[in-house]
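Below are the chains, spelled out letter by letter.
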Amino acid sequence: MVRKKETAFSLTDEEQQQQQHLLTHYHTLAESLRESTDASSIEHVLQELLQYTPELQQTIAKELSKEQHSDAADILLALHSVSPNKEVRKEARRALLRLENASIKPQWQAPQARTSVVEIKTANPPRFWRGQVSQTREQGEVLLSLYWEQGYDYTEVRSFTFVLDFWRDGVREFILETLSKRRVLESIEERQVTTSHAFVECTLAEGRRLIEEALTTNTWRGNQPAVEYRHHSNTLNTLIFQAQDVGRDRGLTFMYPEMDAQETAINFVGAWSIGDYGLTYDLLSRDSTLLKDITRAEWIEQHRRWFDEAHPARLMLTFVQEHEAPQSTLWLPSSATSSQAKRVEVEIGWSLELSETMLSGALAEMPLGTAINKETGRHWFWSKYTMVRENNEWRVQRFHDEGARLQGLPITEIQQQITRREEEVEAKAKQPAEDMQSLLDELTRGFYQILHYYDALIALVSLDRQPCEAATGRAMALGNPERAMVYLQRLVERFPERLELNMRSLAGTYATYAFNEAAANIPGRREHFLELAEATLRDLLELHNDALNHLLLAELYSSQERNEEAEEELHQAEALNPTTDEQGSIEANLGALAMRREQMATALAHFERASKLVPNHPGIWFNLGFVHRLLGHMETAASHYKHAIELEPQDIRPYSELTAINMNQQDQQEARRVVEAGLAANPDSAHLLALHASVLHVLGEERAAQRQLEQAEQLDPTLEIVQATRQQLELDKKRK
């Protein structure tokens, strides 16, 4: 008889990796098999192998026959016992015979009740049971769980859990488990109770749609789906992507359904800035003017092309305001009976760093940047969105570019609006506030809107210096150096009047931004703006070589701990006939350099000269007190700290130092008096609240100490003194 020729299968790279993975770990599988008591537990041990294609399983069986180990024979016997595929069972049997010819036999016996082929055929194939997804799509990710029931009597469930990130990571996590149906039902119930967001049922078609969209994120961002997802790709293809009976896709977005109009508009802007264009499309109403007959896939593709060229980053919101939208005077048939006819308008002031690209003109919702920082690429926008109710959820119907609208107003109207709005802001600032945070938000919104009007005026009256100067003041009052430098650069470049003053302000603004927390988190940005500040001051010295400009450059160097360069600039300033105030600043800076070098006697001499030259400078008196404390002159140090407090009650440093001196001298009541005086002047200081808690703890007033520390933790839980005080209180509590 002619022997039947065995088939050789061609494996993909992924299948070869899967084969190698299993052959590396088959000894561990064999150990688990020996604890199996029935076919169900055997299937559980071999679930990874059984998920592979029949061709890959047959190839693995052949490779196991070459292993010359009883563990390989055990795996082959188990595969022959439970595989639902006839060809796989045959190959497993042939492999067992090969090992038997080499005197290698299984050391494990399959349970008798399930070893016959007839019984194996009664096993039920997996069938889709249910799906659940979190209603968190507006956050850029969802948790998706898909379940297949399987096994005898369908009492087991194969669970696929996905974390889908639509911003960057695509299929970020994947977990495959085989559990009892009872355990799955319990976990579903537990999740609904323990998580803050709701889960809703989804069909396989809807789950597949979410996975496919996440995979397009992987492709676009150039990263791979989760390793476990790739490892189980054959099973996923069979059960999800090649499945025929997937149910109906109802087109649900799986967003939180209770978002108000403001939240919806903010999520639209946020998703647009981050690159989640599937979400931006889903946040549009069906009749949105932004759609223009474009499909969802076309919208996503168009916006991703823009994103790849514009590189938007670091969104900042400056204000949000909601009000009723004016009702249309046109009668529409749908509005006569619709209960969803209510509309509101949401105005958002926001800014974004981005590069200029011609593709911006193709985006209907791309606003005009009324101010642009050429160093950071940040654009400031004022957008208005008309929101409508659709299926009882808010959606974006129209976009209005308020920044562009202002640029089209007559000059006189812009000037009148600026005057009116500034008067309104000033009047509100003088009113007593029941809710301080609401008042601050309202004032901030008013100032930023005024800045947009100034932007329009600057564009229309380009030869007028006054709007730039006024806008600079407003931006600085808002504590926004990144926007202030836009106006200062224009003043320096276009207006020779007050050039030296404006260059000093620009250099200071560069330095302020460089040490801003936002700049610190961007690689190379701090260094770039410090270089700009230095270059501006160097240009200023070429323009006017005087003591003040050398002093400013010295302070810039000192802030970077470039001590030798700072000292050289200070000595150059001394040689250029400085004013009394300038000489006082020179002495104070020389004192700071000496203190940094631990030359306390020299530092003390400089600070004493500075205090005589500029007697009303609180920082000098604080430094005098600090040097005396380091030298052990506690009474003199305390006297100088008290004088610093008299000059500047809002500086928390002298309170902290005085409290430490009193605590070290065992005068807890005086320490308490000092820190309470500091809190009276600075009620929102987390540092002083934590210090107060520490003093109260020493005095034995534990409840009061806990209250003060809790307030400090609410204000700034990351502050070092707050954490240290909490640790100390907890440690002392355990000791008791």
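Being a predicted model, the structure only gives us computed values, none of them experimental.

Attention now goes to the sheet that holds strand 3 (residues 156–165). The 5 strands lie next to each other as 4-3-2-1-5, forming an open sheet whose pairing is antiparallel. Where the open sheet ends on each side, the last strands, each with one partner, are strand 4 (170–180) and strand 5 (199–202). Neighbour to neighbour, the strand axes of the sheet diverge by 20° on average, direction disregarded. Sheet contacts for helix 11 (residues 233–241): strand 2 (141–150), strand 3 and strand 4; angle to strand 3, the most-contacted strand, approximately 95°.

Here the focus is the environment of Ser-233. Mapped onto the fold, Ser-233 is located in helix 11. For Ser-233, a relative accessible area of 11% puts it in the buried group. Placed 182 residues apart in sequence, Ser-233 and Gln-51 show a C-alpha to C-alpha distance of 9.5 Å. For Ser-233, the contacting residues outside a window of four places in its chain are Glu-14 and Gln-18.

Okay, the environment of Leu-77 next. By the element assignment, Leu-77 lies in helix 5 (residues 70–82). Judged by relative accessible area, which is 17%, Leu-77 ranks as buried. Considering only alpha carbons, one finds Leu-77 and Lys-105, 28 residues apart in sequence, at a separation of 9.6 Å. For Leu-77, the contacting residues outside a window of four places in its chain are Leu-96, Pro-106, Trp-108, Gln-109 and Ala-110.

Here the focus is the pattern of salt bridges. Applying the stated rule across the entire model yields 49 salt bridges. Among the salt bridges present, the one from Lys-66 reaches Glu-63, with a minimum N-O distance of 3.3 Å. On the basis of relative accessible area, Lys-66 is assigned to the exposed category, the value being 55%. Between Arg-94 and Glu-91 there is a salt bridge; the shortest N-O distance is 2.7 Å. Residue Arg-94 and its partner Glu-91 are both found in helix 6 (residues 86–101); the two are separated by 3 residues, about one turn of the helix. Since its relative accessible area comes to 31%, Arg-94 is described here as partly exposed.

Regions with low pLDDT carry predicted coordinates that are not meant to be interpreted in detail. Per-residue confidence for the protein chain gives a mean pLDDT of 89; residues scoring 70 or more make up 95%. Of the regions scoring below 50 in pLDDT, residues 1–5 engages in 0 contacts with residues more than four places distant in sequence or in other chains. Confidence drops under a pLDDT of 50 for residues 113–122, and excluding neighbours within four residues, the segment shows 22 contacts in the predicted structure.

Our focus in this paragraph is the side chain of Gln-19. Looking at the element boundaries, Gln-19 is found in helix 1 (residues 13–33). Judged by its relative accessible area of 13%, Gln-19 is buried. Excluding anything up to four places from it in sequence, Gln-19 contacts Leu-11, Leu-56, Thr-59, Ile-60 and Glu-63.

The next subject is the packing of aromatic side chains. Counting across every chain of the model gives 21 aromatic pairs. On the basis of an interplanar angle of 50° and a centroid distance of 5.0 Å, the ring pair of Phe-162 and Phe-174 is categorised as tilted. Of this pair, Phe-162 sits in strand 3 while Phe-174 sits in strand 4, and the two are 12 residues apart along the sequence. Ring pairing ties together the aromatic residues Phe-128, Trp-148, Phe-160, Phe-162, Phe-174 and Tyr-229, which thus form one cluster. Seen from the ring of Trp-129, Arg-130 lies directly overhead, with NZ or CZ sitting 5.4 Å from the centre. One cation-aromatic arrangement involves Lys-181 over Trp-129; the distance from NZ or CZ to the ring centre is 5.0 Å.

Scoring rules and cut-offs
Residues numbered from 1 in each chain as written. Predicted model: local features only at pLDDT ≥ 70, side-chain atom pairs only at ≥ 80, totals over all residues. Heavy atoms only, no water. Pairing = 2+ DSSP bridges. Helix = DSSP H or I, 4+ residues; strand = E, 2+ residues; numbered from the N terminus. Axes fitted to C-alpha atoms, helices over the stretch in contact; angles between N-to-C directions. Contact = heavy atoms within 4.5 Å. Buried < 20%, exposed > 50% of the residue type's maximum accessible area, 1.4 Å probe, protein only. Salt bridge = Lys/Arg side-chain N within 4 Å of Asp/Glu carboxyl O. pLDDT = per-residue confidence, 0-100. Phe/Tyr/Trp six-rings, centres within 6.5 Å; stacked < 30°, edge-to-face > 60°. Lys NZ or Arg CZ within 6 Å of the ring centre and 35° of its normal.

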